[in-house]
Amino acid sequence: MTRFQKLAALTLGTAILLVTVGVVVRATDSGLGCPDWPLCHGQILPALDDAKAWIEWVHRTIAVIIGLEIVGLAILALLDHRDRRSLLWPSLGAVALVGFQAWLGRETVRLGNSGESVTAHLAAAMLLVGLLMFLTVRAGFPARLPTRGASQRFTILAAFTALATFALLLFGSHVTATDSALIFPDWPLMAGSFAPPLTEATSAHVLHRWIAAVVGVIVAAVALVAWRTQREHRTIVRLATSAAGLFALQVVVGGLQVLTRLSAWSQTLHLALGAIVWALLVALAATSYYTARTVPAAVDATRAPDGTPRSTRDTIRAYIALTKPRIIELLLVTTVPAMVLATRWVPGLDWGTWGWLVAWTLIGGTLAAGSANAINCYLDRDIDELMTRTRRRPLPAHEVEPERAVVFGLLLGVTSFVVMAWFVNLLAAFLTLLAIGFYVVVYTILLKRSTPQNIVIGGAAGALPPVIGWVAVTGHVGVPALILFALVFYWTPPHFWALALRIRKDYAAAGVPMLPVVRGIPETTRQIALYTILMVAISLLLWPVARMGLIYLGAAVGLGAVFLWQAYGLWRQGDSEEASTRGAIALYRYSISYLSLLFLAIAVDALIVI
């Protein structure tokens, strides 16, 4: 090991120790044992008989040691690895992050350990742990790696799992911040039920347990995938299985927290295990990425086909194209009207606050959709090259290197989560992450190439934006939000199958089992008609449930009638290839107008009624 590696590993261990001691501080109520900062009761050392002051002093001392270690790490990066940007810039970033963490520590004391400051303090600490783990892993790989490597599919799974675990840690901190850890005296049930009523008092605790169950399934699934597909890479398998095993242990300790009435040891062990699981998953994602990068490059995407370097403008344009801006626009169309409608359930909401919520929700949603689309472009680059409609996309056109595309997508996803968690709320951030994961993992990786029902099930990802918009305003999922979800969910198959009818030859050439390819034109048009009936019925159901007015009712009836007529006409055209193609194009275009106008009617109706 190099001296940089040794110091990075030592600093990582110290950071995990700091997190653990931080839990001791919280469990023993020692956060204000030293009410001033950076001194303790105006002294360098606290009084010998003040146990709480000494616990807080030890916590602060370890933080100082970490600060010195990270400064040393940055100096070593400048001395030994100035030419390795993947080590230099993260090391300098760690200096900035530890400074921010120290400032948060001071603010936590100044604010009297308020819930928000404690959660922010923990989030910064976990980000520091993740960054130090990345540096430790990266330092163990060669300085120069091929630009293009093997498939990064497993890296995507690992990165998504790590981010989901980070979200779970924040939900756990929110439980502490809201003082709801003992709202239910039993475990694993909650007041004798797996699904107790969600109230302002119980929602933090209930969501934490539900999300823990979801993340646990994801962690176990990644461990299984690693065992089945990564056996030649023992380090990857060990990291994945260790994370899964420790996660299971953490769940048990979490239950013991409830059963022991928040004993200090159970709180400390619970979060310490969480920090280790998070660090292992970051190591898993980084190790998987750099292991795949050891394969030699095949094509240089930094140069045009004639060998000349690509301009900065062309490169920026290519990265923007990876995000599929037109699809993003359609997703955001459903978000804002849901937020307008949700204001009915938040009496006295300040419209200035609402405006900022809309802005940050749209920014986070745009980044999330761009993330999912960029990663989708990476995963589908082989079939995109075979399809006339998609072969000009940046990856099949060799305008962006595949590894850079996947890193770009992952960074957008991380940024979207941070924006949603910081400026909106944790539940909206988690649902945003879930939408990315569902589109990338469930639809693109698992379903798209294996079943003609791919777009039906995978459409759940595109149906989440109105739910996220609702949650951004209210902080919970309401029944109207679920109806909006169902509306977009049942809109997706007629919309997408109409497009698939038009380009079915492309899908056939690429071997993608879309419904028109597998079942033919008559069955596809029949399914379009059936899903259209369901969609229109759900749009009408929203009227009484959400207490909509006549504006929405008129729009739902009128727009739905036109959609039904076009879908029925397409079905009646039977096996005629030319006629079905013309009808499919018309229905596809109208479906976009339908969704946009219907959600516009939702917003207008809600504003007028208000």
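Please refer to the structure placed before this passage.
No experiment lies behind these values; they were computed from the predicted model shown. (Residues numbered from 1 in each chain as written. Predicted model: local features only at pLDDT ≥ 70, side-chain atom pairs only at ≥ 80, totals over all residues. Heavy atoms only, no water.)

Here we look at the overall build of the protein
Point 1. The helix and strand tally for the protein stands at 23 helices and zero strands.
Point 2. For the protein, the C-alpha radius of gyration of 26 Å lies close to 25 Å, the compact-globule estimate for 610 residues.
Point 3. Seen through its principal axes, the protein has C-alpha atoms that stretch 90 × 60 × 40 Å.
Point 4. Considering the protein as a whole, with its 610 residues, one finds that 54% of them fall into the buried category.
Point 5. Surface summary for the protein: the accessible area is close to 26,600 Å², and the carbon and sulfur share equals 67%.
Point 6. Averaging the locations of the 45 positively and 32 negatively charged side chains of the protein gives two centres separated by 7 Å. (Helix = DSSP H or I, 4+ residues; strand = E, 2+ residues; numbered from the N terminus. Rg over C-alpha atoms; globule rule 2.2 N^0.38 Å. Buried < 20%, exposed > 50% of the residue type's maximum accessible area, 1.4 Å probe, protein only. Areas by Shrake-Rupley, 256 points an atom, 1.4 Å probe, with all protein chains shown as cover. Lys, Arg positive; Asp, Glu negative; His and termini not counted. Charge placed at Lys NZ, Arg CZ, Asp CG, Glu CD.)

Thoughts on the state of the cysteines
Covalently bonding the sulfur atom of one cysteine to the sulfur atom of another cysteine gives a disulfide.
Point 1. Inspection of every chain in the model, using the stated rule, returns one disulfide.
Point 2. The partner cysteine of C34 in its disulfide is C40, sulfur to sulfur 2.0 Å. On the sign convention where negative is left-handed, the bridge of C34 and C40, at about -75° about the S-S bond, is left-handed.
Point 3. Taking relative accessible area as the criterion, C34 reaches 0% and is therefore assigned buried. (Disulfide = S-S within 2.5 Å.)

Considerations on the packing of aromatic side chains
For any pair of aromatic rings, the description rests on two quantities: the centre-to-centre distance and the angle between the ring planes.
Point 1. Considering all chains together, one arrives at 19 aromatic pairs under this definition.
Point 2. An angle of 45° between the planes, with centres 5.1 Å apart, marks the rings of F166 and W278 as tilted. Linking F166 in helix α5 (residues 153-177) with W278 in helix α8 (residues 264-292), this pair joins segments that are 112 residues apart in sequence.
Point 3. When its relative accessible area of 8% is taken as the criterion, W278 is described as buried.
Point 4. With a centroid separation of 4.9 Å and an interplanar angle of 80°, the aromatic rings of Y289 and Y290 are classed as edge-to-face.
Point 5. Of the residues examined, Y289 reaches a relative accessible area of 12% and is grouped as buried.
Point 6. The rings of F485, F489, Y490, W497 and Y531 are connected pair by pair, giving a single aromatic cluster.
Point 7. The positively charged end of R381 is found above the aromatic ring belonging to Y378, 4.2 Å away from the centroid. (Phe/Tyr/Trp six-rings, centres within 6.5 Å; stacked < 30°, edge-to-face > 60°. Lys NZ or Arg CZ within 6 Å of the ring centre and 35° of its normal.)

Let's talk about the nonpolar core
Point 1. Core analysis: the biggest nonpolar cluster contains 177 residues, and M126, L284, V440 and Y594 have the highest contact counts within it.
Point 2. If we skip the residues at most four places from it in the chain, L284 touches F154, A158, V222, I236, L239 and A240. (Core = buried A, V, L, I, M, F, W, Y, C linked by side-chain atoms within 4.5 Å. Contact = heavy atoms within 4.5 Å.)

Some points on the pattern of salt bridges
Point 1. Inspection of every chain in the model, using the stated rule, returns eight salt bridges.
Point 2. For the salt bridge of E56 with R60, the shortest nitrogen-to-oxygen distance reads 3.0 Å. Taken as a pair, E56 and R60 lie in helix α2 (residues 51-80) at a separation of four residues, close to a single helical turn. Considered together, E56 and R60 belong to a single accessibility category, that of buried residues.
Point 3. When the shortest N-O distance is used, the salt bridge between R317 and D314 registers 2.9 Å. Within this pair, R317 and its partner D314 are both found in helix α9 (residues 312-322), separated by three residues, close to a single helical turn.
Point 4. Through salt bridges with shared partners, a single network forms among D380, D382, K448 and R449. (Salt bridge = Lys/Arg side-chain N within 4 Å of Asp/Glu carboxyl O.)

Points about unusual backbone geometry
A negative phi holds for most residues other than glycine; trans holds for most peptide bonds.
Point 1. With an omega dihedral of 10°, the bond running from W187 to P188 counts as a cis peptide bond.
Point 2. Within the secondary structure, P188 sits in the loop between α5 and α6 (203-229).
Point 3. A positive phi angle is found at R261, which is not glycine, with a value near 60°.
Point 4. For R261, the position within the fold is in the loop between α7 (234-259) and α8.

Some words on the packing of helix α11 (residues 335-342) against helix α17 (residues 465-474)
Point 1. Packing of α11 against α17 brings their axes to within 7 Å, and their N-to-C directions diverge by 35°. As α11 packs across α17, the resulting crossing turns out to be right-handed. Side by side, α11 and α17 meet where T335, A338, M339, L341 and A342 of the first sit next to P465, P466, G469, W470, A472, V473 and T474 of the second.
Point 2. By residue class, the composition of the contact of α11 with α17 is nine nonpolar, three polar and no charged. (Axes fitted to C-alpha atoms, helices over the stretch in contact; angles between N-to-C directions. Left-handed = near helix turned anticlockwise from the far one by under 90°. Nonpolar A, V, L, I, M, F, W, Y, C, P; charged D, E, K, R; others polar.)

Fair warning: the whole summary comes from geometry, so function is off the table for now.
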